[in-house]
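# Results of the structural survey
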Amino acid sequence: MRCPGSLAGTDPDAPDLTRLVGELLVKSPDFAGLWERYDVTGRKITTKTFQHPRVGRVTLGFQGMALEGTPGHRLGVYTAEPGTPDHDAMLLLDLTAPSTRPRRPSEQQG
């Protein structure tokens, strides 16, 4: 069984979590006061900085998202603001990346 607290972000209506919250509401006036305030906010988009060997330092926006139907798995998405040097660096990487498309029979070496 997972820790009920670990369910809060992925399954806030999980029975174990609901029981735990109910118990804390009854037994802890401090918890009840905090729960009543409910000043929880969503996670903000953050930035992460990378040092890439070809384009140097790149700072990208990062957001993690839960994947539906895959408990415990998350998808990380990195973005660069258009018109910034970071965006230009990402475009340069895209333009110079080796092609991953399959070769046509006429393109294959014989």
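Structure: see above.
Everything numeric here is computed off the predicted structure, so don't read it as measured data. (Residues numbered from 1 in each chain as written. Predicted model: local features only at pLDDT ≥ 70, side-chain atom pairs only at ≥ 80, totals over all residues. Heavy atoms only, no water.)

## As for the overall build of the protein chain
So the rule is basically this: Helix and strand assignments follow DSSP, with helices taken as H or I runs no shorter than four residues and strands as E runs no shorter than two, numbered in order from the N terminus. Burial classification: accessible surface area is computed with a 1.4 Å probe over protein chains only, and a residue below 20% of its type maximum counts as buried, one above 50% as exposed, and the rest as partly exposed. Here a residue-residue contact requires only that any non-hydrogen atoms of the pair lie within 4.5 Å. Computed with the Shrake-Rupley method and a 1.4 Å probe, the accessible areas treat only the protein chains shown as cover for residues.
Across its full length, the protein chain holds three helices and three strands. Taken from the N to the C terminus, the helices and strands of the protein chain come in the order α-α-β-β-β-α. Going through the 110 residues of the protein chain one by one, you find that 12% of them count as buried. When contacts within the protein chain are restricted to residue pairs at least 6 apart in sequence, those whose partners lie at least 24 apart make up 18%. For the protein chain, the exposed area adds up to about 9300 Å²; of that, 57% sits on carbon and sulfur atoms.

## Description of the packing of helix 1 (residues 15-27) against helix 2 (residues 29-37)
Counted only if it meets this: Axis lines are fitted through C-alpha atoms, for helices just across the contact stretch, and the angle between N-to-C directions can take any value from 0 to 180 degrees. Definitions for this section: a left-handed crossing has its near helix turned counterclockwise from the far helix by less than a right angle. A right-handed crossing has that turn clockwise. Note on residue categories: nonpolar means Ala, Val, Leu, Ile, Met, Phe, Trp, Tyr, Cys or Pro, charged means Asp, Glu, Lys or Arg, and polar means any other residue, Gly included.
The geometry of helix 1 relative to helix 2 is characterised by a closest axis approach of 6 Å and an angle of 115° between their N-to-C directions. Like other packed secondary-structure pairs, helix 1 and helix 2 cross with a definite hand, here left-handed. Of the residues in helix 2, those in contact with Val21, Leu24, Leu25 and Lys27 of helix 1 are Pro29, Phe31, Ala32 and Trp35. When grouped by side-chain class, the residues that make up the contact of helix 1 with helix 2 number seven nonpolar, no polar and one charged.

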